[in-house]
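# Structure assessment
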Amino acid sequence: MELAGDEDDFAACEAAAAASAVEVIAGGVATARGIDPDRVRRLAYTHAASDLVATTDADIEAAAAALTAATLDREGSVAVRARDVRSQTDVSTQAAERRLGGVLVDRGFEVDLDKPDHELRVLFAGGGADSTDSTDSTDDAAPSGDGDACCLLGWLAVESRRDYGERRPTDRPFVQPGSMAPLDARALVNIAGAEPGTTVVDPMCGTGGLLLEAGLVGSDVIGVDAQWKMTRGSRENLRALREESGEGFDGDVTIIHGDATALPLVDDAADTVVFDAPYGRQSKIARHELDDLVGGALREARRIAPRAVVVADRSWDDAAVEAGWTVDRRFERRVHGSLVRHIHVLVDRAE
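Okay, so let's go over this structure. Values in this document were obtained by computation on a predicted structure and should not be read as measured data.

What counts and how
Residues numbered from 1 in each chain as written. Predicted model: local features only at pLDDT ≥ 70, side-chain atom pairs only at ≥ 80, totals over all residues. Heavy atoms only, no water. Buried < 20%, exposed > 50% of the residue type's maximum accessible area, 1.4 Å probe, protein only. Helix = DSSP H or I, 4+ residues; strand = E, 2+ residues; numbered from the N terminus. Pairing = 2+ DSSP bridges. Axes fitted to C-alpha atoms, helices over the stretch in contact; angles between N-to-C directions. Contact = heavy atoms within 4.5 Å. Parallel < 35°, antiparallel > 145°, perpendicular 65-115°, else oblique. Left-handed = near helix turned anticlockwise from the far one by under 90°. Nonpolar A, V, L, I, M, F, W, Y, C, P; charged D, E, K, R; others polar. Core = buried A, V, L, I, M, F, W, Y, C linked by side-chain atoms within 4.5 Å. Phe/Tyr/Trp six-rings, centres within 6.5 Å; stacked < 30°, edge-to-face > 60°. Lys NZ or Arg CZ within 6 Å of the ring centre and 35° of its normal.

## Here's the deal with the pairing of strand β18 (residues 339-348)
By the criterion of burial, β18 is predominantly enclosed, with 10 of the 10 residues buried. Pairing geometry for strand β16 (residues 307-312) and β18, over 6 bridges, is antiparallel. Across the sheet, residue Val 310 finds its bridge partner in β18, namely His 344. Here strand β17 (residues 325-336) pairs with β18 via 10 bridges, running antiparallel. Bridging from a neighbouring strand, Arg 330 pairs with His 344 of β18. If you look at the hairpin formed by β17 and β18, you'll find 2 residues sitting between the two strands, and Gly 337 has a positive phi there, around 50°.

## Things to note about the sheet that holds strand β10 (residues 199-202)
Pairing between sheet strands relies on hydrogen bonds along the backbone, with the strands arranged either parallel or antiparallel. In spatial order, the strands read β12-β11-β10-β13-β16-β18-β17; together these 7 strands make up an open sheet with mixed pairing. Sheet topology places β12 (253-257) and β17 at the edges, where each strand pairs with a single neighbour. Direction aside, neighbouring strands of the sheet carry axes that sit 15° apart on average. In this structure, strand β11 (residues 220-225) lies alongside β12, joined through 5 bridges in parallel fashion. Each bridged residue has a counterpart across the sheet, and for Asp 225 the counterpart in β12 is His 257. Contacts from helix α5 (residues 182-192) reach β13 (272-276), β16, β17 and β18 within the one sheet, and its direction differs from that of β16 by about 150°. In the packing of helix α6 (residues 209-216) onto the sheet, contacts are made with β10, β11, β12 and β13, and the angle to β11 comes to roughly 170°.

## Digging into the packing of helix α3 (residues 60-69) against helix α4 (residues 93-106)
Between two packed helices, the angle of one axis relative to the other and the distance separating the axes together describe the packing. In the contact formed by α3 and α4, the axes pass within 10 Å of each other and the chain directions differ by 20°. When the axes of α3 and α4 are compared, the pair comes out roughly parallel. α3 and α4 meet at a crossing whose hand is right-handed. Contact residues: α3 offers Ile 60, Glu 61, Ala 63, Ala 64, Leu 67 and Thr 68, while α4 offers Ala 95, Ala 96, Arg 99, Leu 100, Val 103 and Leu 104. A class-by-class count of the residues in the contact of α3 with α4 yields 9 nonpolar, 1 polar and 2 charged.

## Considering the nonpolar core
With 50 residues, the main nonpolar core has Met 1, Phe 10, Leu 188 and Val 274 as its most contacted residues. The element best represented in this core is α5, accounting for 6 residues. Look past the residues within four positions of Val 274 in its chain and what remains in contact with it is Leu 188, Val 189, Ala 192, Val 200, Val 201, Asp 202, Pro 203, Leu 210 and Val 309. Residues Leu 293, Ala 297, Ala 301 and Ala 305 belong to the second largest nonpolar core, which totals 29 residues.

## Quick notes on the packing of aromatic side chains
Scanning all chains against the criterion turns up 3 aromatic pairs. A centroid spacing of 6.4 Å and a plane angle of 45° characterise the contact between Phe 109 and Trp 155, whose relative ring orientation is tilted. Highlighted residues: Phe 109 in the loop between α4 and β6 (110-111) and Trp 155 in strand β9 (residues 150-159), separated in sequence by 46 residues. Three or more aromatic residues link up through ring pairs in this structure, and these residues are Phe 10, Tyr 45 and Phe 331. When the ring centre of Trp 325 is taken as origin, the NZ or CZ atom of Arg 302, which lies over that ring, is 6.0 Å away. Sitting over the ring of Phe 10, Arg 333 keeps its end group 4.1 Å from the ring centre.

Remember that the coordinates give geometry; whether it matters functionally is a separate question.
As structure tokens, this is what we get:
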């Protein structure tokens, strides 16, 4: 799997929504099993997934030898695309493409650089895999390893859809400052477990950015907000997206005016909860102090769902545990200046 961004553990955590046994083996590259192509298409921090042919040292001749010896169970035209991932190996990708293309020609393939039947991805990845700080993981995404320089050869299986620039927050009918970028919102709902047939609740939905991305991956969505203008605005944004996306967003949408600490939802109403908590510079929100608001929202989330992803400007680990959650992972992702987003991945203690 070709990871996007420069925070590999976070990308691998999201990739676990589309595969099992995800393991970062070098900067920007992970291996996995049981990859679901449809889910890969919906990932934000994975560029592509390929069927692995061989893993070698980060050396062109080693890659050529591995390709010569490999069993190639396909026919038709081919193209070789090589990358020096994050420019860490100093390998000439043009030389690699010529050399490995020659191996394929010797093995009876025809090269077609424009519309090949098959594309061989050749990834040269260096050591020192970058990662975000996080708590110990118990899910399918393993933390980064040593990151020794290597080369992975694989037949391209699927690429993710990179359409996030088409949904800029400033282009929505209802706009408020500080809205989360669609790329990050998509990653969060994927980590939360959004997919067709699930119900996703955002108890502090604001302008609806997280709900938009959850809806686009096929979930039914429920948004709650204490401000009337936010419920009206998020409803407007979701309606506009549904009209633009057509069949790409056909789940149920419910927007409710309500209190995140007393959700108007029955027990076990959802499969997952995801929300972006107010940041510390807002010392009081509506009638709640920040601690009471987040703590109450965590308790209510635990009442209605077995899994949650919570974004904040600080750690809420203690409040999450007090509310009955296990903190499976926590990532710290710098946004700009002094703002660091803490992303808490929470699971039911009983699971």
